[in-house]
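Read off the chains here:
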Amino acid sequence: MALFDFNSASKMGSSPLVILRFILICVTLHCNNARMNPRPNIVLILTDDLDVSIGGMMPLVKTKKLIGDAGITFTNTFVASPLCCPSRASILTGKYPHNHHVVNNTLEGNCSSTAWQKTQEPETFPAFLQKHGTYQTFFAGKYLNEYGSKKAGGVEHVPLGWDHWFALERNSKYYNYTLSVNGRAQRHGQIYSEDYLTDVLANISIDFLESKSNRRPFFMMVSTPAPHSPWTAAPQYESRFPNVKAPRDPNFNIHGKDKHWLIRQAKTPMTNSSVEFLDDAYRKRWRTLLSVDDLVEKVVGKLDVSGELSNTYIIFTSDNGYHTGQFSLPMDKRQLYEFDIRVPLLVRGPNIKPNQTSPFLIANVDLGPTILDIAGYNVNETQMDGMSFLHIMAGKGNRSTWRSDVLVEYEGEGSNISDPACPLLGPGVSVRECFPDCVCEDSYNNTYACVRTVSQAANLQYCEFDDNQVFVEVYNLTADPFQLSNIARSIDQEVLEKMNHRLMMLQSCSGQSCRTPGVYDSQFRFDPQLMFSSLVPHRNKRRQTLT
């Protein structure tokens, strides 16, 4: 319908000047409306080692209220690898580790290496945003564990994709660190008001929001050190949660029977000193998160005051989970179990109704595609393995047509020499991860790949290890949510064969082929000739004969 009928105006005796004024008013209103409704802004808040399975979200009261209660909480979100650098690489590239080739937290494992910088950084979603010029991009916090290494360009290296760059050199710290400020080193000491990193990131973020251009939408990524070790709380929170302990769930401080040898070697029951140590660490982790809660409150509050909150997507998640005493493993990540691979995911934003909880299966390789979808770009033009879940947040998802499984990959690390402090262990284990009481959390042959299935028909995990046994672990999470019983020897053989086939497919997938139907999808096609003996070789060439 026309906004203005020129014939009717003539009949009413309207003059050309009146008509012109009316047209100008309509054009002005349209232009103002265009300014008020640009592309949405996007904020990604990434925590470090924040679990969801053992109570990690409990201290984040304000975060749950300001993001989760104001939007959607995904209850089935998993990482592509339960370790910082490979997982962060998956977030940035939208790819599984076998496609971005970051396998651990070292330069040798491709963590922020020159090879990563040349081959993968140009394909990250921030690089795509910057290339197309619509979004202004901002990063603050921990990037990748080896970022800033002299062998890979030092802090002078600013990755493609970032207009404003405030990145932490190396791994998470709270004091006495160096930031790369657009390629220049900025050193910080140990004065709380000036140097406490979580607060510094909050202040830098607010400064950006105040100084950015209002003519273009923005993407802002804030990557906190918390709750990663050394678990240094802000002074005002140092005495909080005095009576909190690690949760005594059914898998706490018990023997991991029928599991991979690395889990079985843990001492059960743990010594009293080990339990006290991990309880103390659990409290410290919670205390560091209170500053993250403050950061979220400041960012949301600033967007609210500026009138931008209603047009901003805010995503809150973690790079991996964590464990404290499960199966008598003191503290770490790296394992295939729910506490290490499952992470929180909370999102608020335009067209997302409040107080939603979603069971849809999400992987962190989906974050990049979703952010590009929000920004209006065609994800199919990228090489990403993940899928956009934007339509799910808008209430248009259909579980019967959404994916039913995701891939989890991990390549174990170890040492070729024995640890003098733990002489009975022998070579092959990661001596850096054998504490306390010589309980090791990693080894060369702690290399595995899993198919994690979440569908209306099944809640299943199938994993194979790259060891001399090709050890298999299978869990029915509906009947056994704490993964106490490995059912690999009792489950139907046909299911094992189908899961093995599906795992091979996912381990060799790329792009669109990573989104093919899973075992419990009606469109799944199974070739029974592909049996266990035809398992594709894993990448780990340092396999040890530990059993």
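Structure: above.
No experiment lies behind these values; they were computed from the predicted model shown.

Enquirer: Sorry if this is basic, but what is going on with the packing of aromatic side chains here?
Expert: For any pair of aromatic rings, the description rests on two quantities: the centre-to-centre distance and the angle between the ring planes. Scanning all chains against the criterion turns up 27 aromatic pairs. Arranged with centres 5.6 Å apart and planes meeting at 45°, the rings of Tyr-192 and Tyr-196 form a pair that is tilted. Judged by its relative accessible area of 0%, Tyr-196 falls in the buried class. Following the ring pairs from residue to residue traces out a cluster consisting of Phe-125, Phe-139, Tyr-143, Tyr-147, Trp-162, Trp-165 and Phe-219. Here Arg-240 stacks its cationic end above the ring of Phe-241, 5.2 Å away from the centre of that ring.

Enquirer: I tried to follow the nonpolar core on my own but got confused; where do I start?
Expert: As a rule of thumb, soluble globular proteins bury nonpolar side chains together. In this structure, Phe-219 and Phe-316 are the most contacted members of the largest nonpolar core, which totals 150 residues. Here this core takes 13 residues from helix 11 (residues 272-305), the largest share from any one element. A domain-level breakdown of this core finds at least three residues from each of domain 1 (41-398) and domain 2 (410-518). Grouped together as the second largest cluster of nonpolar side chains are five residues, Trp-261, Leu-262, Cys-434 and Cys-440 included.

Enquirer: Looking at this model, I keep getting lost on the pairing of strand 5 (residues 178-181). Mind explaining?
Expert: On any regular strand, side chains alternate: one points to one face of the sheet, the next to the other face. Alternating residues of strand 5 divide into Thr-178 and Ser-180 and Leu-179 and Val-181, and every residue in both groups is buried. Two strands pair when backbone bridges link them, and strand 4 (residues 164-168) and strand 5 are joined in this way by three bridges, in the antiparallel orientation. Along strand 5, the bridge assignment pairs Phe-166 with Val-181. Where strand 5 folds back onto strand 6 (residues 184-187) in an antiparallel hairpin, the turn is made up of two residues, including Asn-182, whose phi is positive at roughly 50°.

Enquirer: Explain the state of the cysteines here, please?
Expert: Taken as a whole and assessed by the stated rule, the structure comprises five disulfides. Disulfide partner of Cys-450: Cys-463, at an S-S distance of 2.1 Å. Residues Cys-450 and Cys-463 are joined by a disulfide whose S-S torsion is about 110°; by sign, that bridge is right-handed. Note that Cys-450 is positioned in strand 14 (residues 448-454) and Cys-463 in strand 15 (residues 459-465), a separation of 13 residues in sequence. As far as the burial class goes, Cys-450 and Cys-463 line up, both buried. A disulfide bridge connects Cys-509 with Cys-514, and the sulfur atoms are separated by 2.0 Å. Here the S-S torsion is close to 90°, and the disulfide linking Cys-509 with Cys-514 is therefore right-handed.

Enquirer: What's the story with the pattern of salt bridges in this structure? I'm lost.
Expert: Two side chains bearing opposite charge may form a pair once their charged atoms approach each other closely. In total, this model carries 21 salt bridges according to the counting rule given. Residue Lys-142 pairs with Asp-48 through a salt bridge whose shortest N-O separation is 2.8 Å. On the criterion of sequence distance, the pair formed by Lys-142 in strand 3 (residues 136-142) and Asp-48 in the loop between strand 1 (41-47) and helix 3 (61-68) is long-range, its members being 94 residues apart. Take Lys-142 and Asp-48: they sit in the same class, and that class is buried. A salt bridge links Asp-442 to Arg-334, with the nearest nitrogen and oxygen atoms 3.4 Å apart.

Enquirer: Got a minute to help me understand the sheet that holds strand 4 in this structure?
Expert: Strand pairs in the sheet, formed through backbone hydrogen bonds, run parallel or antiparallel to each other. One open sheet holds the ten strands; their spatial order is 6-5-4-3-7-1-8-11-2-12, and the pairing between them is mixed. Each having just a single partner strand, strand 6 and strand 12 (356-363) make up the two edges of the open sheet. For this sheet, the mean angle separating the axes of adjacent strands, direction not counted, is 15°. The pairing of strand 8 (residues 312-318) with strand 11 (residues 345-348) spans four bridges and is antiparallel. Pairing of Ile-314 across the sheet is with Arg-348, part of strand 11.

Enquirer: What's the story with the packing of helix 9 (residues 197-211) against helix 11 in this structure? I'm lost.
Expert: In helix packing, the relevant descriptors are the interaxial angle and the interaxial distance, both defined with respect to the helix axes. Across the interface, helix 9 lies against helix 11 with an axial gap of 9 Å and an inter-helix angle of 10°. The angle between helix 9 and helix 11 falls in the class roughly parallel. Across the interface between the two elements, Thr-198, Asp-199, Leu-201, Ala-202, Asn-203, Ser-205, Ile-206, Leu-209 and Glu-210 from helix 9 touch Ser-291, Val-292, Leu-295, Lys-298, Val-299, Lys-302 and Leu-303 from helix 11. Of the residues in the contact of helix 9 with helix 11, the class split is eight nonpolar, four polar and four charged.

Enquirer: When you look at the sheet that holds strand 16 (residues 472-476) in this model, what are you seeing that I'm missing?
Expert: Ordered by their spatial adjacency, four strands build an open sheet running 13-14-15-16, and the pairing between neighbours is antiparallel. Each edge of the sheet is formed by a strand with only one pairing partner; in this case those strands are strand 13 (405-410) and strand 16. This sheet shows a mean twist of 15° between the axes of neighbouring strands, independent of strand direction. Here seven bridges tie strand 14 to strand 15, and the two strands are oriented antiparallel to one another. In the strand pairing of strand 15, Arg-452 is matched with Gln-461.

Enquirer: Explain unusual backbone geometry to me, please; I cannot follow it from the model alone.
Expert: Negative phi characterises most residues that are not glycine, and trans characterises most peptide bonds. Here the amide bond leading from Ala-226 into Pro-227 is cis, since omega sits at 0°, within 30 degrees of zero. Relative to the assigned elements, Pro-227 resides in the loop between strand 7 (218-223) and helix 10 (261-264). A cis amide bond, omega 15°, links Ser-229 with the succeeding residue Pro-230. Note on placement: Pro-230 falls in the loop between strand 7 and helix 10. In this structure, His-101 takes a positive phi of about 70° despite not being glycine. The residue His-101 is located in the loop between helix 5 (97-100) and helix 6 (114-119) in this model.

Reading the values: the criteria
- For every chain, the first residue of its written sequence is number 1, and the numbers climb from 1 along that sequence.
- Two thresholds apply to this predicted model, a pLDDT of at least 70 for residue-level local features and 80 or more for giving and counting side-chain atom pairs, whereas whole-chain, interface and lining totals are computed over all residues.
- The side-chain values count all of the structure's non-hydrogen atoms but skip hydrogen atoms and water molecules.
- Only Phe, Tyr and Trp rings are paired, with Trp represented by its six-membered ring, and only when their centres lie within 6.5 Å; those with planes under 30 degrees apart are stacked, over 60 edge-to-face, the remainder tilted.
- Categorising residues by exposure relies on relative accessible area from a 1.4 Å probe, with only protein chains included: less than 20% of the type maximum marks a residue as buried, more than 50% marks it as exposed, and the intermediate range marks it as partly exposed.
- Put simply, a charge is over a ring when the Lys NZ or the Arg CZ is close to the ring centre, within 6 Å, and near the line of the ring normal, within 35 degrees.
- What we call a nonpolar core is a set of buried Ala, Val, Leu, Ile, Met, Phe, Trp, Tyr and Cys residues that are connected through their side-chain atoms within 4.5 Å.
- Numbered from the N terminus, helices here are DSSP runs of H or I no shorter than four residues, and strands are runs of E no shorter than two.
- Residue ranges assigned to each domain were obtained from an automatic or database domain assignment.
- Here, a strand pair is defined by DSSP locating no fewer than two bridges between the strands.
- Here, a disulfide means two cysteine sulfur atoms that sit within 2.5 Å of each other.
- By salt bridge we mean one thing: a side-chain nitrogen of Lys or Arg within 4 Å of a carboxyl oxygen of Asp or Glu.
- Here an angle of 0 to 180 degrees is reported between the N-to-C directions of two axes, which are lines fitted to C-alpha atoms, with helices fitted over the stretch in contact.
- Our angle categories are set so that under 35 degrees counts as roughly parallel, over 145 as roughly antiparallel, 65 to 115 as roughly perpendicular, and the remainder as oblique.
- Should any heavy atoms of two residues lie within 4.5 Å, those residues are considered in contact.
- Side-chain classes follow a simple rule in which Ala, Val, Leu, Ile, Met, Phe, Trp, Tyr, Cys and Pro form the nonpolar group, Asp, Glu, Lys and Arg form the charged group, and the remainder, Gly included, forms the polar group.

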